[in-house]
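# Observations on chain architecture
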Amino acid sequence: MASSVAFAEDIPSLSGVPTNLMAKPRNSQADLTWNPPVEGYPVIAYGLYRSTDPAGAYSKIADVMDTKYRDFGLDNGTRYYYKVTSVSVGGESAPSADAAVVPMAPLDAPTGLTAISGDGRATIRWNPVAGAESYNVKRSTDNGQNYETVVSGVTDLQYTDSTVSNGTRYYYVVSAASPTTASANSASVQVVPAPSGAPGIPEGVQAVAGDAQVILTWREVSGAVSYTVKRGAFGSGQYETIATGIPGTSYQDAEVPAGPPAWEAEAEAAGNTLAGGASIVACSACSGGNKVVNVGNNSGTLQFNGVNTGTTGTQSMTIYYLNGDSTARTALLSVNGGAATSVSFPSTGNTVDTITVNVSLNAGSNTIKFYTNAAGVWAPDFDKISAGGSTGIVNGVTYDYVISAVNALGESYHSEPIAVTPADVLVVANDGTGDFTTIQAAINAIPANNTKRTVIYIRNGVYREQIVVPANKPYVSLVGESATGTILVYNLNVNSKKPDGTPYSTLETVTAVVQGKDFSAENMTIQNDSGQGTGQALAGFLSGDRGVYKNVRFLGFQDTIYIERRQYFKDCYIEGDVDYIYGPATAFFENNELHNNRLNGGYITAASTPETTTYGYVFVNSKITSNPGVKNVYFGRPWRPYAAVTFIDTMIDSSIAPYGWNNWGDSTKEKTARYFEYNSRGPGANPKARAGWSKQLTPEEASQYTVQNVMKGTDN
């Protein structure tokens, strides 16, 4: 039991009083720091004392060796007073001056942020927060990072910032405050100030990538007559217009239509008149992607003008054509007036086909001509020929798209860039209606050391197999038809026996091994159905850097997924019983459900975060659920000493043990593990009962846990 000390004047004490005692409030906690006595004073330990009455008796709460201590299990809203003494071989010093602190739960962050653009100004609005008396508005030009306070103490629910420049994209967040507590930053809202009368910037831009096509959609802009779509190389910030005058709120950017295209140039029997337009599709050096070019009738010659490239040399060009004759036809190809090369066009029947030729192009503009004899005459028996499709996007290349709105007063600033990667698509269907019947067969078909993304589309069905995406196959995407209908499953565990009677290793039990970087999976289930109590039995071994998982269900029991390097999970469902998320990864979990299926005493995480890694696992806006009757589940236990796990704005059911965290039978890990929590909700939210060696984040600290900060690396 804690002892009580009056600290009266007649209590003997020695010199060596600690100085500068400071107290920082947290949710049901208080962080205490102080300076040691004068240099050279022989301190053995420090004594910490606490009271709720500055004039009353103080109770000793701890003897510590360090000059800091976190007090825990406190009542929010109560003012606590602290004093500290030093202990030497001669006894205990007099107490320090006191420090007072009032622990408080944080306020909720403001929601419903909107931004209205003006001429040299931006107006930000938000919804009220219960308990807030004022708000702080912050701004950055770098989303998720480097926010600076624009104004504090706003008592209204809106603020107009007049210190902005037209044409600059700004990101705003708002935090709430009261005299005793505050909130973390809200989600951000963006705005680009613009002159009066110009239409607003299109918002809600979304993209769906397919095989040589991208479908863009966006929300309607009030007052807009039409829209302009621009495209550029990923991250370049440079865009070229690919479509104007779009009346609706969608656009399809496609390499080539499925059938004979409307733009193909035709050679009529009478007069050799050429009609339509054409483009180069697969010019690997064309700057900013492939260029749309013109078709003209130049002395009976099919001519493509303005094929622009950023580099010189021989480039591969794909030519789309239709030859309805039963035999091959021949045309002469001349580039920039150079010597002609004979090109053969095999019969295609009534469908468009392609051939590939190498052309030597100059940097800048080039002219390409086709004709059928040395005199430059276009033969009337040639049906149709063109060089390319309508826009020239290339599979495996990532593009940035931006949208702007247009009306009689002009064009708006463009939307925030959205990155999209069209890709080759391989179809897997276990009923034989696709390109492959197994997922692994499709993976095997991807060349080693590939440099462009390949999408494997998996139709609904149960695929009972183990798969490996090796390290030499990056840029692979698995896309299921549905999260619950596309099921990849296997059933090995460490107690399963091989044909020779030896057990399987942990890695050999895995249903899906992903080692290639820039992997993604979406809309599918990855499962190990070995069963509960069978030991380690992994659904996923996810080690490729920059992995992305959206709407994926990971099902298992012990060690459901092992993760390392950087991984991002959004809208996923992950279930298990013991250490079902483990490994050394930096991982951001957004809007996920973590489901506990062990009746008593399970563990969600077993992080092995390296000491030099800042964040570890970060769970934001997620929820923890469980089977009926499940109890005494821990957020995690440290597989390695510096395990780092943070839960922010989590809805927690009653399955979580009040203490929250487990030290894995090693009290020394309590000094090194980094276990944090912020603003939890639900029956399992109990900050007062949490382990004293865990930390309740302050609003300022929690605001730093953005996906941009957590996931950035040397490649950002």
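Residues numbered from 1 in each chain as written. Predicted model: local features only at pLDDT ≥ 70, side-chain atom pairs only at ≥ 80, totals over all residues. Heavy atoms only, no water.

### Focus: the nonpolar core
Rules: Within this scheme, the nonpolar core is defined by two criteria: the residues are buried Ala, Val, Leu, Ile, Met, Phe, Trp, Tyr or Cys, and they are joined through side-chain atoms within 4.5 Å. Each residue is assigned to one of three classes by its accessible area relative to the maximum for its type, calculated with a 1.4 Å probe on protein chains only: buried under 20%, partly exposed between the two thresholds, exposed over 50%.
Counting residues in each nonpolar core, the largest one holds 54 residues, and the members touching the most others are Ile456, Leu478, Tyr549, Ile563, Phe569, Ile581 and Tyr617. Counting residues in hydrophobic clusters, the runner-up holds 18 residues, among them Leu107, Ile124, Val154 and Val191.

### Focus on the layout of surface pockets
One way to see where empty space is left: roll a probe the size of a water molecule over the atoms. Formally: In the cavity and pocket records, a cavity denotes points on a 1 Å grid over the protein atoms alone where a 1.4 Å probe fits but cannot get out, a pocket denotes an open set with protein on both sides within 12 Å along at least 5 of 7 lines, and lining residues are residues with an atom within 4 Å of a point. Grid points are joined across faces, edges and corners, and a volume is the space filled by probe spheres set on the points. Counting from the N terminus, the helices are the DSSP runs of H or I reaching at least four residues and the strands are the DSSP runs of E reaching at least two. Basically, the charged four are Asp, Glu, Lys and Arg, the nonpolar ten are Ala, Val, Leu, Ile, Met, Phe, Trp, Tyr, Cys and Pro, and anything else, Gly included, counts as polar.
Roughly 850 Å³ of internal volume is contained in the second largest pocket. The set of elements that each furnish at least two residues to the lining of the second largest pocket consists of β3 (29-35), β5 (58-64), β6 (68-72) and β57 (674-678). It is β6 that contributes the most residues to the lining of the second largest pocket, 4 residues altogether. Looking at side-chain class alone, the lining of the second largest pocket contains 10 nonpolar, 4 polar and 9 charged residues.

### A word on the pattern of salt bridges
Keep this limit in mind: By definition, a salt bridge exists where a carboxyl oxygen of Asp or Glu is found within 4 Å of a side-chain nitrogen of Lys or Arg.
The final tally for this structure, using the stated rule, is 20 salt bridges. As a salt-bridge pair, Glu701 and Lys24 come within 3.6 Å of each other at their nearest N and O atoms. Placement of Glu701 in helix α2 (residues 699-702) and of Lys24 in strand β2 (residues 19-26) is noted, with a sequence separation of 677 residues between them. In this structure, the salt-bridge partner of Asp31 is Arg26, at a minimum N-O distance of 2.8 Å.

### Examining the sheet that holds strand β10 (residues 114-118)
For the record, the criterion: At least two bridges found by DSSP between two strands are what make those strands a pair. In this description, a line fitted to the C-alpha atoms serves as the axis of each element, helices being fitted only across the stretch in contact, and the angle between N-to-C directions of two axes falls anywhere from 0 to 180 degrees.
Reading across the sheet, the 3 strands line up as β10-β11-β14 and stay open at both edges, with antiparallel pairing between neighbours. The open sheet has two edge strands, β10 and β14 (158-161), and neither has a second partner. Averaged over neighbouring strand pairs, the angle between their axes works out to 15° when direction is ignored. Direction of pairing for β10 relative to strand β11 (residues 121-125): antiparallel, over a ladder of 5 bridges. Looking across to β11, one finds that Ala115 is bridged to Ile124.

### Let's talk about the packing of aromatic side chains
Remark: the centre distance and the inter-plane angle together describe each pair of aromatic rings, the angle taken between the planes. Stated formally: The rule is short: rings of Phe, Tyr and Trp, with Trp giving its six-membered ring, pair when the centres are within 6.5 Å, and they are stacked under 30 degrees, edge-to-face over 60, tilted in between.
For the coordinates displayed, the defined rule picks out 24 aromatic pairs. Centroid distance Trp34 to Tyr46: 5.6 Å. Interplanar angle 65°. Geometry classified as edge-to-face. A residue pair is termed long-range when its members are at least 10 positions apart, and Trp34 in strand β3 and Tyr46 in strand β4 (residues 45-51) qualify at 12 residues. Note on accessibility: Trp34 and Tyr46 belong to one class, buried.

### Observations regarding the sheet that holds strand β17 (residues 206-210)
Pairing is antiparallel across the open sheet formed by 3 strands, whose spatial order is β17-β18-β21. A single partner strand is all that each edge strand has here, and the edge strands are β17 and β21 (250-254). Strand after strand, the sheet turns through a mean of 15° between neighbouring axes, direction not considered. In this structure, β17 lies alongside strand β18 (residues 213-217), joined through 5 bridges in antiparallel fashion. Paired with Val208 across the strands is Ile215, a residue of β18.

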